[in-house]
Amino acid sequence: MGWRFTDDVEEYARQAGPLLHACPAENTVSLTVIENARARPQILARDPEIYGWWADTGGEVTGAVSHTPPHEMLLGVVPDVAMRPLVVELARSGRDLPGVNGATGTAVQFAALWSAHTAQRAVLRDAERLYRLGRLAAPDPEPPGRARVATASDTGLLVDWMLGFVDDAGLDSDAKAVEAAVRDKVSFGGLTLWENGDGMPVSLAGRSRRAAGTVRVAPVYTPADHRRQGWASAVTAAVSQAVLDEGAREVVLFTDLANPTSNSIYQRLGYRPMTDRAVLRFEPAG
């Protein structure tokens, strides 16, 4: 019984894949981490990605975590019995964790134990809700215009808008990392623009790679001077329909619980709440 860690994504997929695939919608981020690592080199990371799994006394894998710098530690599945050993192992390793991301109760439990083992305190960065698409409903009224998949010729606009999204979210905006992420998404058709009736791009929705039949819509961004026109609803609906047409069995997205507007918009499109998550950042105590 215990945690095992590796930097080999294929070993992680063999060990923890069956656990994560059992609940693909709930584990959408963990599964996307695997698919992204398979598809492209890590983007401008200071430290290598690590992946971990917990095996119980019978050898069954019942826990899975990963860390992709510079992002927070991702808690996919962590049984209660495995939480303290996880914190102890990571603290002993000296790995620099900027924070933790997971189901709310799990993330809070990890953060409390981490603070007890280190000279750091946890501060809530984001409270999120995971939604799963039921029956897709078109925006009513639907604004004029059309959706189109972004191409490499849109890179300049996409980078500017993604930097705007990062800034609005209060995250660190590393322009080189954002550009690399944009180019990666464009490579598999992962960004869609909504153009208004005059052919001007006015909103953006992204999507993840499909993993275990599930696709996550993210990010959704509309520049400030184009907001409150229904563009975000239209482009989100367009991306949702497109991934269903491609064969996705589940379509999910996250919303900021502090933003009631986005939560109501997605519910009108047919998204239904599943579970809440928390992202906590670690800071020096005192």
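The coordinates are above.
Keep in mind that what you see is a predicted model, and the values were worked out from it rather than measured.

Digging into the overall build of the chain
Argument step 1. Counting its secondary structure elements, the chain contains 8 helices and 12 strands.
Argument step 2. Here the C-alpha radius of gyration of the chain, 19 Å, is about what a compact globule of 286 residues would show, namely 19 Å.
Argument step 3. With the C-alpha coordinates aligned to their principal axes, the bounding extent of the chain is approximately 60 × 40 × 35 Å.
Argument step 4. Counting contacts in the chain only where the partners sit at least 6 residues apart, residues at least 24 apart contribute 71% of the total.
Argument step 5. Approximately 13500 Å² of the chain is accessible, and the part contributed by carbon and sulfur atoms is 49%.
Argument step 6. Taking the average place of the 29 positive charges on the side chains of the chain and the average place of its 35 negative ones, the gap between the two points comes to 2 Å.

Observations concerning unusual backbone geometry
Argument step 1. Looking along the chain, the bond that leaves Asp 140 and enters Pro 141 is cis, with omega of 0°.
Argument step 2. Mapped onto the fold, Pro 141 is located in the loop between strand 6 (120–133) and strand 7 (146–149).
Argument step 3. The step from Ala 218 to Pro 219 runs through a cis peptide bond, and the omega angle for that step is -10°.
Argument step 4. Here Pro 219 shows up in strand 10 (residues 214–221).
Argument step 5. Non-glycine residue Ala 212 carries a positive phi angle of around 55°.
Argument step 6. Summarising the element assignment, Ala 212 is placed in the loop between strand 9 (201–207) and strand 10.
Argument step 7. We note that Arg 228 has phi near 65°; this positive angle belongs to a residue other than glycine.

Brief notes about the sheet that holds strand 6
Argument step 1. Pairing is mixed in the open sheet, where 12 strands are placed in the order 1-2-3-4-5-12-6-11-10-9-8-7. On the outer flanks of this sheet lie strand 1 (2–6) and strand 7, each paired with one strand and no other. Taken over all neighbouring pairs, the strand axes of this sheet differ in orientation by 25° on average, direction set aside.
Argument step 2. Across the sheet, helix 1 (residues 9–21) touches strand 1, strand 2 (50–55), strand 3 (61–67) and strand 4 (73–77), and the angle it forms with strand 3 is around 130°.

Observations regarding the environment of Arg 183
Argument step 1. With respect to the helices, strands and loops of the structure, Arg 183 is situated in helix 6 (residues 175–187).
Argument step 2. Looking at Arg 183, the relative accessible area reads 46%, which means it is partly exposed.
Argument step 3. Along the backbone, Arg 183 and Met 162 are 21 residues apart, and their C-alpha atoms lie at a distance of 12 Å.
Argument step 4. Looking at Arg 183, its side chain comes within polar contact range of the side chain of Glu 179, at 2.9 Å.

Considering the packing of aromatic side chains
Argument step 1. The final tally for this structure, using the stated rule, is 8 aromatic pairs.
Argument step 2. When the ring of Phe 110 is compared with that of Phe 282, the centres are 6.5 Å apart and the planes differ by 25°; the resulting orientation is stacked. On the criterion of sequence distance, the pair formed by Phe 110 in helix 4 (residues 104–117) and Phe 282 in strand 12 (residues 271–284) is long-range, its members being 172 residues apart.
Argument step 3. Where Trp 114 meets Phe 282, the ring centres are 5.7 Å apart and the plane angle is 20°; that geometry is what we call stacked. With a gap of 168 residues between them, Trp 114 in helix 4 and Phe 282 in strand 12 connect regions that are remote in the sequence.
Argument step 4. Exposure remark for Trp 114: the relative accessible area of 3% places this residue in the buried category.
Argument step 5. Of the aromatic side chains, those joined through ring pairs into one cluster are Trp 3, Phe 5 and Trp 54.

Things to note about the packing of helix 5 (residues 155–168) against helix 6
Argument step 1. Running from N to C, helix 5 and helix 6 cross one another at 120°; their axes reach a closest spacing of 9 Å. One finds that helix 5 runs oblique with respect to helix 6. Between helix 5 and helix 6 lies a crossing of right-handed hand. On the side of helix 5, the interface is formed by Thr 155, Leu 158, Val 159, Met 162, Leu 163 and Val 166, while helix 6 contributes Ala 175, Val 178, Glu 179, Val 182, Arg 183 and Val 186.

Calculation criteria
- Residues numbered from 1 in each chain as written.
- Predicted model: local features only at pLDDT ≥ 70, side-chain atom pairs only at ≥ 80, totals over all residues.
- Heavy atoms only, no water.
- Helix = DSSP H or I, 4+ residues; strand = E, 2+ residues; numbered from the N terminus.
- Rg over C-alpha atoms; globule rule 2.2 N^0.38 Å.
- Contact = heavy atoms within 4.5 Å.
- Areas by Shrake-Rupley, 256 points an atom, 1.4 Å probe, with all protein chains shown as cover.
- Lys, Arg positive; Asp, Glu negative; His and termini not counted.
- Charge placed at Lys NZ, Arg CZ, Asp CG, Glu CD.
- Pairing = 2+ DSSP bridges.
- Axes fitted to C-alpha atoms, helices over the stretch in contact; angles between N-to-C directions.
- Buried < 20%, exposed > 50% of the residue type's maximum accessible area, 1.4 Å probe, protein only.
- Polar contact = N/O pair within 3.5 Å; in protein donor to acceptor, adjacent residues only side chain to side chain.
- Phe/Tyr/Trp six-rings, centres within 6.5 Å; stacked < 30°, edge-to-face > 60°.
- Parallel < 35°, antiparallel > 145°, perpendicular 65-115°, else oblique.
- Left-handed = near helix turned anticlockwise from the far one by under 90°.

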